[in-house]
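Read off the chains here:
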Amino acid sequence: EAKCPNIGDCWGGASSSSDSNNNNISGEELDEFEQHYGTATATIMIMGDTCTRGCSFCAVKTSRKPPPLDAEEPNKVAEA
């Protein structure tokens, strides 16, 4: 898990996952939901699980020479 100093920006959304899992919500209901709970940002890491940057505040695995890319990753991300 990343230990980003801005993690509150990513995890500042709904307080209950059951509240935010309703995919059949209308635009008006979504506006009301966001006014009540706020919005959250989903952040995903692409091109593998290894970062080449190595920021001191982050707990993501790092390497100057990461393993080869997974050719199926675009499909896996789309499915997720």
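Predicted model, so just to flag it, every value in this text is computed and none were measured.

Student: Hey, could you run me through the side chain of Glu73 in this one?
Tutor: As for its position among the elements, Glu73 is in helix H4 (residues 73-79). For the buried Glu73, no salt bridge exists, and the shortest N-O distance to an oppositely charged side chain is 8.1 Å, to Lys76.

Student: Honestly, the side chain of Thr50 in this entry has me stumped. Any pointers?
Tutor: Positionally, Thr50 belongs in the loop between helix H3 (27-37) and H4. A relative accessible area of 11% places Thr50 in the buried class. At 3.1 Å, the side chain of Thr50 forms a polar contact with the side chain of Asp49. Among residues more than four places away in sequence, those in contact with Thr50 are Met45, Lys61, Thr62, Ser63, Pro66 and Pro67.

Student: Explain the pattern of salt bridges to me, please; I cannot follow it from the model alone.
Tutor: A side chain of one charge can pair with a side chain of the opposite charge if their charged atoms are brought near each other. Taken as a whole and judged by the stated rule, the model has two salt bridges. Among the salt bridges present, the one from Lys61 reaches Asp49, with a minimum N-O distance of 3.2 Å. Placement of the pair is Lys61 in the loop between H3 and H4 and Asp49 in the loop between H3 and H4, with a sequence separation of twelve residues. On the basis of relative accessibility, which here comes to 47%, the residue Asp49 falls in the partly exposed class. Among the salt bridges present, the one from Lys76 reaches Asp70, with a minimum N-O distance of 2.5 Å.

Student: What should I look at first to understand the confidence of the model for the protein in this one?
Tutor: Should the pLDDT be low somewhere, the predicted coordinates at that spot are not to be read in detail. Overall, the predicted model of the protein reaches an average pLDDT of 74, with 59% of residues at or above 70. Looking at the elements of the protein, mean pLDDT is at its lowest for helix H2 (residues 17-20), recorded as 43, and at its highest for H4, recorded as 91. Note that pLDDT drops below 50 for residues 13-22; the model gives that stretch ten contacts with residues more than four away or on any other chain.

Cut-off values and rules
Residues numbered from 1 in each chain as written. Predicted model: local features only at pLDDT ≥ 70, side-chain atom pairs only at ≥ 80, totals over all residues. Heavy atoms only, no water. Helix = DSSP H or I, 4+ residues; strand = E, 2+ residues; numbered from the N terminus. Buried < 20%, exposed > 50% of the residue type's maximum accessible area, 1.4 Å probe, protein only. Lys, Arg positive; Asp, Glu negative; His and termini not counted. Salt bridge = Lys/Arg side-chain N within 4 Å of Asp/Glu carboxyl O. Polar contact = N/O pair within 3.5 Å; in protein donor to acceptor, adjacent residues only side chain to side chain. Contact = heavy atoms within 4.5 Å. pLDDT = per-residue confidence, 0-100.

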